[in-house]
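# Structure assessment
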Amino acid sequence: MIRLPINRTVVSALFASVAAAAIILAPVVSADNAEEIPGPAVVDDGADYVGYNQCQVCHSHQNQVWREMGHARALDRLQTAESIAIAEEMGLENPPAESPECLNCHVTAYDVETRTTPTPIDLADGVQCESCHGPSSEHIVIGRQVMFGQAEEDEVDIMAGRGWPGESNCRECHNPDSPTWRDDRYTLEDGTTTGFDFEQALELIDHSEPEDE
Ligand code: HEC
Ligand code: HEC
Ligand code: HEC
Ligand code: HEC
């Protein structure tokens, strides 16, 4: 379970509602407690989306696991006969892989205007790291400083204003607005079913660093 100390919850709520405040509050959220921050991962701290390609040099294990996830192939999914049939039934004008009604949840940062993104987001890469971890251009700059010994990890805000992805982040897409939403997708311990169970889903996408590395 993710712990929710009350002050962190307040900080997180501020993050979600006042984008500008994130700039002021960012230093308050120090790296050491970063994993306790729940809530929406996407915080506008001036960072841009850079794409998963930019992550693999420092997080190769996470990249490898992600590539095996459905998330990485979420755009391909929109090109299947099943998807085309759904779109036709909904009366969409364009094929699903070109329809905002589907792309919203099946790719990263679909409706986000990027600023100075060095590597534009490729829709073919589906639901990428930054759909959950938030735009990471700032984090990469800080990450490099740590890698090159120019800063200690505990001296810098490695999260760079991003929140830690929590249940509400998942539910931005895992919700009944999805045309294939099913109330019985997950079975709970007591035998009842639900459309999304955070704990089971988290296990299915587990990409934490292996212990022996
Ligand atoms: C130049 C190196 C570098 C790059 C590139 C990089 N990171 Fe990191 N990242 C780090 C370092 C260093 C840490 C802190 C140590 C650790 O947790 O591995 C870190 C930690 C993290 C954490 C965990 C934070 C925590 O508090 O444990 C996440 C999540 C993360 N990075 C996501 C990303 C994503 C997403 C990308 C690509 C958009 C990315 N990183 C690119 C260096 C990098
Ligand atoms: C940007 C939208 C989006 C977000 C945010 C998101 N998902 Fe998904 N997720 C999808 C889509 C779309 C699929 C279907 C992919 C496919 O076509 O198979 C999916 C599939 C899955 C699956 C099915 C297993 C698999 O690998 O295919 C699991 C489990 C899952 N997501 C867990 C999560 C969890 C846990 C979170 C939050 C930490 C999360 N998702 C956040 C869009 C999202
Ligand atoms: C609100 C977000 C959302 C929207 C909008 C959305 N999807 Fe999805 N889609 C998902 C998620 C999340 C999954 C993964 C299944 C799950 O865990 O609910 C998924 C899975 C799928 C699947 C795999 C079957 C399944 O249910 O596992 C198909 C096919 C699909 N979507 C087609 C579409 C099409 C076509 C559109 C547009 C008409 C669309 N989706 C719009 C979130 C969305
Ligand atoms: C569907 C959402 C989602 C996607 C996509 C995703 N992550 Fe994560 N990531 C999470 C969540 C949630 C956690 C925290 C897991 C936990 O608390 O157990 C996490 C944890 C991490 C960590 C910390 C691992 C540790 O050992 O503590 C790193 C680093 C990371 N992710 C990097 C990445 C990179 C790089 C990508 C893309 C290649 C990526 N993530 C894709 C949701 C996601």
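Residues numbered from 1 in each chain as written. Chains lettered and ligands numbered in written order. Predicted model: local features only at pLDDT ≥ 70, side-chain atom pairs only at ≥ 80, totals over all residues.

Moving on, we get to the overall build of the protein chain. If you tally the helices and strands in the protein chain, you get ten helices and two strands. Beginning at the N terminus, the succession of helices and strands in the protein chain can be written as α-α-α-α-α-α-α-α-α-β-β-α. Split into buried and exposed, the 213 residues of the protein chain put 26% on the buried side. Restricting to contacts in the protein chain with at least 6 residues of sequence separation, those with at least 24 account for 62%. (Helix = DSSP H or I, 4+ residues; strand = E, 2+ residues; numbered from the N terminus. Buried ≥ 20, exposed ≤ 12 C-beta atoms within 10 Å, placed from the backbone. Contact = placed C-beta atoms within 7 Å.)

Surveying the vicinity of ligand 2 reveals 21 residues, the closest of which are Gly70, Arg77, Cys170, Cys173 and Leu204. Put simply, the parts of the chain that give the shell around ligand 2 at least two residues each are helix H4 (74–77), helix H6 (100–106), helix H7 (129–133), helix H9 (167–170) and helix H10 (198–204). By residue number, the principal contributor to the shell around ligand 2 is H10, which donates three residues. Taken together, the residues of the shell around ligand 2 break down into twelve nonpolar, six polar and three charged. Both of domain 1 (6–182) and domain 2 (183–207) provide at least three residues apiece to the shell around ligand 2. (Near = placed C-beta within 6 Å. Nonpolar A, V, L, I, M, F, W, Y, C, P; charged D, E, K, R; others polar. Domains from an automatic or database assignment.)

This part is about unusual backbone geometry. One non-glycine residue, Ala109, adopts positive backbone phi at about 55 degrees. Residue placement: Ala109 occurs in the loop between H6 and H7.

Further remarks concern the nonpolar core. Counting residues in hydrophobic clusters, the biggest one holds eight residues: Ala74, Leu75, Leu78, Ala87, Ala97, Cys102, Val107 and Val127. The contact partners of Leu75, leaving out residues within four places of it in the chain, are Ala97, His106, Val107, Leu123, Ala124 and Gly126. By size, the runner-up hydrophobic cluster in this structure holds five residues, among which are Tyr52, Cys55, Trp66 and Cys132. (Core = buried A, V, L, I, M, F, W, Y, C linked by C-beta atoms within 7 Å.)

Glancing now at the site of ligand 4. Around ligand 4 sit 18 residues in total, of which Cys55, Cys129, Cys132, Ser208 and Glu209 are the nearest. Among the secondary structure elements, those contributing two or more residues to the shell around ligand 4 are helix H3 (60–68) and H7. Among the elements that take part in the shell around ligand 4, H7 stands out by supplying four residues, more than any other. The two domains that each donate at least three residues to the shell around ligand 4 are domain 1 (6–182) and domain 2 (183–207).

Before going further, it helps to examine the confidence of the model for the protein chain. Model confidence for the protein chain is summarised by a mean pLDDT of 79, while 74% of its residues fall at 70 or above. A low-confidence stretch, residues 1–43 (pLDDT under 50), is modelled with 73 contacts involving residues beyond four sequence positions or located in other chains. (pLDDT = per-residue confidence, 0-100.)

This part is about the environment of Cys55. Of note, Cys55 is situated in the loop between helix H2 (19–25) and H3. For the pair Cys55 and Cys129, spaced 74 residues apart in sequence, the C-alpha to C-alpha distance is 8.4 Å. With sequence-adjacent residues up to four places away left out, Cys55 is seen in contact with Gln62, Asn63 and Cys129.

Among all positions of helix H8 (residues 137–147), only Ser137, Glu138, His139, Ile142 and Gly143 are buried. Of the residues flanking the end of H8, it is Gly149, one or two places downstream, whose phi is positive at about 70 degrees.

Let us now look at the environment of Trp164. For Trp164, the location among the structural elements is in the loop between H8 and H9. In sequence terms Trp164 and Gly134 are 30 residues apart; their C-alpha atoms lie 8.8 Å from each other.

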